[in-house]
Amino acid sequence: MLDYAKFIAQSISTERLDRYLRHFTAEPHVASSPRNNELAQFVYDEWTSFGLEDVRKAEYDVLLSFPERIVVEVVAPEKVKLTIKEDSYPQDPDTMRIDVGLPYNAYSASGEVTAPVVYANSGNPQDFDFLEKNGVDLKGKIALVRYSEPYSYRGFKAQTAQLRGLAALLIYSDPKDDGSARGPVFPDGPWGPISHIQRGGIPFDFIYPGDPLTPGWASIPGAKRLSPEESRTVPTIISIPISARDALPILRMMSGPQAPKEWAGALPVTYRLGGDSPRVHIDIKMDNSPRKIINVIGCIRGGENPEQAVLVGNHRDAWIFGGLDPSSGTACLMELARAFGEAKKAGFRPRRSIYFANWDAEEFTLTGSTEWGEENRDWLEKGLVAYLNVDSSAAGQEFNVSAVPSLSRVILAALRDVTDPASGKTVYDRWKAGPKKKGTIATASGSGQINPIGSGSDHTVFLNHICAPALDMSFSGDYGVYHSIYDDYYWMTHFGDPRMRYTKALDEIWARIAIGLASSPFVPLDYETYAVELKIYLDEWAKRFNPSQKRLSKLTGLVEEMRKAAAGINPVLFGAGAELTAEKRRDANRLLVEIERDFALPEGIPNRNWFKHIVFGTRSTYAALLLPELTEAAEAGNEHGVTVAITHLEEAVSKVVSKLRTITGLLTQAGT
Ligand SMILES: [Zn+2]
């Protein structure tokens with residue numbers, strides 16, 4: 001039989017990746033725009049021509065958000081009107097276009113306010129605490145905050161400002177974070193120039209992502225819909241992203257005491273806390289209304305277990321041109337689908353189905369993937385082997401992956417088979433030699449740097465709501481133009497991945513992981529590493545919260561049983577195989593695929609019950625949160641909650657152990 005992983009790897013071409021990248025970045029293509037819908041048709045036509053099966057468009061009517069008018073001006077002590085515009089550079093004609101729209105925060109409230117400005121560093125709760133402690137009144141003021149350091153998701157900043165009673169939020173990109181203080185700026189380097197503006201949604205999607213009007217169910221015709229006022233995820237505060245250049249006059253006129261050293265950015269001003277001056281006038285009118293979005297789905301049906309599916313996905317919609325985010329990933333997905341189509345023509349038929357998904361409206365609130373996941377919940381809960389996400393392909397040469405531990409072996413195997421373009425070593429060797437980061441997943445073989453997976457892209461519904469194994473990966477590098485007009489073809493071809501070599505490498509990794517999961521006789525999910533990781537998470541939790549000795553003893557005992565049972569079957573799953581009747585192999589594989597779902601809490605995590613996974617969760621800031629139910633109960637000092645959470649984990653791990661033992665039974669009956 002042909003080695004199809006190799007066949008596909010050899011079929012992937014950097015020239016075609018470049019052509020796809022140019023096509024997808026040629027024009028702005030925000031969700032619901034005519035151009036983005038045209039691109040959906042293009043994806044549909046291409047996938048059909050590649051020979052993918054069951055190619056279809058999955059459409060939803062969802063609440064999106066666009067600006068009609070944005071005015072921000074300093075009215076005192078001097079009058080300065082902010083530009084709210086990014087500079088053009090003749091060497092990159094894309095930046096000269098006038099149809100790029102106003103930079104904005106999706107789901108901002110509409111309104112008009114004139115008020116004094118306070119400077120609140122990153123806009124996190126401790127920043128506002130500090131201001132209040134220093135006698136800075138927040139009620140009715142406008143907060144000016146930086147995007148990062150310490151980083152938090154902009155929707156979390158909006159929620160925090162809203163809860164503290166501020167009237168509006170201005171979020172700017174300080175050169176210290178992603179501009180000239182980091183290195184050469186666009187168009188001479190990869191960092192953001194002084195005028196760059198980071199657009200982005202601010203819904204509270206850490207409560208639930210997807211259409212704000214249909215929490216937990218799909219936005220299909222006839223579906224029940226909340227009003228925007230009933231939704232828990234639509235902010236009531238005004239929020240506008242601005243550039244460092246526009247922030248400068250505000251900071252220069254800022255009154256009040258000097259800000260702490262750590263709050264100072266890299267602009268040539270003394271950063272002050274603010275108080276009565278300057279006064280800023282904001283007038284913003286948003287059009288938050290339902291619009292049609294289009295996902296494109298296609299597949300290669302499995303020859304043995306078509307009801308089990310490996311899903312690979314990337315989003316198509318971009319804030320503007322989407323050079324790195326997401327069109328580099330879209331090019332990757334297109335070339336992957338084409339190469340799989342070629343393999344299919346040469347006779348390739350995976351045991352399990354491989355689904356390809358091109359999502360829409362990710363930039364708003366992970367909308368397209370979430371609605372599709374909710375619509376297809378029933379079969380995904382039974383049959384989803386894993387979801388493999390690529391949002392952006394390559395901003396540099398450093399391989400990054402976040403995943404659940406069960407995927408670690410199949411990831412490592414793929415990395416060992418792909419060459420790192422610059423060094424000529426395998427991606428695995430270069431990645432392993434890199435600095436070991438704290439908190440990364442220790443694989444059973446003791447190496448590797450897989451990050452525990454948080455939120456922030458389309459894997460969220462599959463991991464946190466459906467509770468299936470998931471990963472998100474990319475090659476990273478210096479990148480300071482996120483969600484600005486400069487994230488375009490010029491940026492990708494000059495700084496991100498000039499010859500598309502790393503995008504190709506990522507495609508090869510993607511293909512190998514997908515084939516490993518879809519075509520191995522036994523589904524290669526590693527529950528030994530999962531148990532090792534669980535033990536680490538519990539130890540860390542215990543170190544932090546000091547529970548009485550016996551509180552975790554039953555649970556850690558179960559985790560050890562899980563480890564042993566998994567260690568017993570791993571040699572069969574990852575090498576030796578077993579002579580089994582087709583029926584027994586099918587039963588073993590069905591159980592392997594269902595195991596991750598044992599970590600699903602049907603009623604969901606307290607306070608945000610759309611999120612059901614009790615091992616992997618996410619903070620409102622988007623940071624990964626391990627053991628979310630247990631950790632949050634302990635953080636709140638809720639003893640009863642801790643007991644309940646431990647019981648939930650015990651029940652989950654018991655179910656896993658019993659499945660692993662059933663699998664052991666099936667495997668040891670080999671030949672009988
Ligand atoms: Zn993206």
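## Describing the overall build of the chain
Next, step 1: The helix and strand tally for the chain stands at 21 helices and 16 strands.
Next, step 2: A compact globule built from 672 residues should have a C-alpha radius of gyration of about 26 Å, and the chain, at 25 Å, falls within 12% of that.
Next, step 3: For the C-alpha atoms alone, the extent of the chain along its principal axes is close to 90 × 60 × 55 Å.
Next, step 4: Expressed as a percentage of its 672 residues, the buried residues of the chain come to 63%.
Next, step 5: Counting contacts in the chain only where the partners sit at least 6 residues apart, residues at least 24 apart contribute 81% of the total.
Next, step 6: Just so you have it, the chain exposes about 23700 Å², and 51% of that area is on carbon and sulfur atoms.
Next, step 7: Charge centroids of the chain, computed over 74 positive and 85 negative side chains, lie 3 Å from each other.

## Observations regarding the pairing of strand β12 (residues 384-389)
Next, step 1: With six of its six residues buried, β12 lies for the most part within the structure.
Next, step 2: Pairing of strand β10 (residues 305-315) with β12 involves five bridges; the strand directions are parallel. The residue of β12 that forms the bridge with Val-312 is Leu-388.
Next, step 3: Bridging between β12 and strand β14 (residues 470-476) involves three bridges; their strand directions are parallel. Looking at β14, one finds that Leu-388 is bridged to Leu-471.

## Some thoughts on the environment of Lys-139
Next, step 1: As for its position among the elements, Lys-139 is in the loop between α4 (125-133) and β5 (142-146).
Next, step 2: Each C-alpha atom, one on Lys-139 and one on Leu-166, is 5.2 Å from the other, the two residues being 27 residues apart in sequence.
Next, step 3: In this view, Lys-139 contacts Arg-164 and Gly-165; residues no more than four positions away in its chain are not counted.

## Comments concerning the packing of aromatic side chains
Next, step 1: One pass over the full model with this rule turns up 43 aromatic pairs.
Next, step 2: Ring centres of Phe-399 and Trp-431 lie 6.1 Å apart, and the angle between their planes is 75 degrees; on these two criteria the pair is classed as edge-to-face. Taken as a pair, Phe-399 in strand β13 (residues 398-403) and Trp-431 in helix α13 (residues 427-433) lie far apart in primary sequence, 32 residues in all. The same class applies to Phe-399 and to Trp-431, which are both buried.

## Comments concerning helix α1 (residues 4-11)
Next, step 1: All buried positions along α1 are accounted for by Tyr-4, Ala-5, Ile-8, Ala-9 and Ser-11. Buried residues of α1 fall within an arc of 165 degrees about the axis and therefore sit on the same side.
Next, step 2: Looking at the buried residues of α1, the elements they touch are α2 (14-25), α8 (323-345) and α16 (501-519).
Next, step 3: If you check the start of α1, you find a side-chain oxygen 3.2 Å away from the backbone N of Ala-5, and it comes from Asp-3.

## A short note on the coordination of the zinc ion
Next, step 1: For the zinc ion, the protein coordination sphere consists of His-315 (NE2), Asp-325 (OD), Asp-391 (OD) and Asp-391 (OD), at 2.0 to 2.5 Å.
Next, step 2: Around the zinc ion, the four donor atoms sit at angles spanning 56 to 143 degrees, and that spread fits a shape best called irregular.
Next, step 3: Donor residues for the zinc ion sit on one chain with the sequence pattern H-x9-D-x65-D. Placement of the pair is His-315 in strand β10 and Asp-325 in helix α8, with a sequence separation of 10 residues. Exposure class is identical for His-315 and Asp-325. Each is buried.

## Structural notes on the pairing of strand β1 (residues 53-76)
Next, step 1: By the bridge criterion, 20 bridges tie β1 to strand β9 (residues 274-300) in an arrangement that is antiparallel. Its bridge partner lying in β9, Phe-66 is registered against Asp-287.
Next, step 2: As paired strands, β1 and strand β2 (residues 80-81) are joined by two bridges and run antiparallel to one another. Bridge pairing links Glu-73 to Lys-81 in β2.
Next, step 3: Hairpin connection between β1 and β2: a loop of three residues separates the two successive antiparallel strands.

Rules used in this analysis
- Residues numbered from 1 in each chain as written.
- Predicted model: local features only at pLDDT ≥ 70, side-chain atom pairs only at ≥ 80, totals over all residues.
- Heavy atoms only, no water.
- Helix = DSSP H or I, 4+ residues; strand = E, 2+ residues; numbered from the N terminus.
- Rg over C-alpha atoms; globule rule 2.2 N^0.38 Å.
- Buried < 20%, exposed > 50% of the residue type's maximum accessible area, 1.4 Å probe, protein only.
- Contact = heavy atoms within 4.5 Å.
- Areas by Shrake-Rupley, 256 points an atom, 1.4 Å probe, with all protein chains shown as cover.
- Lys, Arg positive; Asp, Glu negative; His and termini not counted.
- Charge placed at Lys NZ, Arg CZ, Asp CG, Glu CD.
- Pairing = 2+ DSSP bridges.
- Phe/Tyr/Trp six-rings, centres within 6.5 Å; stacked < 30°, edge-to-face > 60°.
- Arc of directions from axis to C-beta.
- Polar contact = N/O pair within 3.5 Å; in protein donor to acceptor, adjacent residues only side chain to side chain.
- Donors = N, O, S within 2.8 Å, 3.2 Å for Na, K, Ca; no water.
- Tetrahedral: all angles 85-135°; square planar, octahedral: opposite > 155°, others 65-115°.

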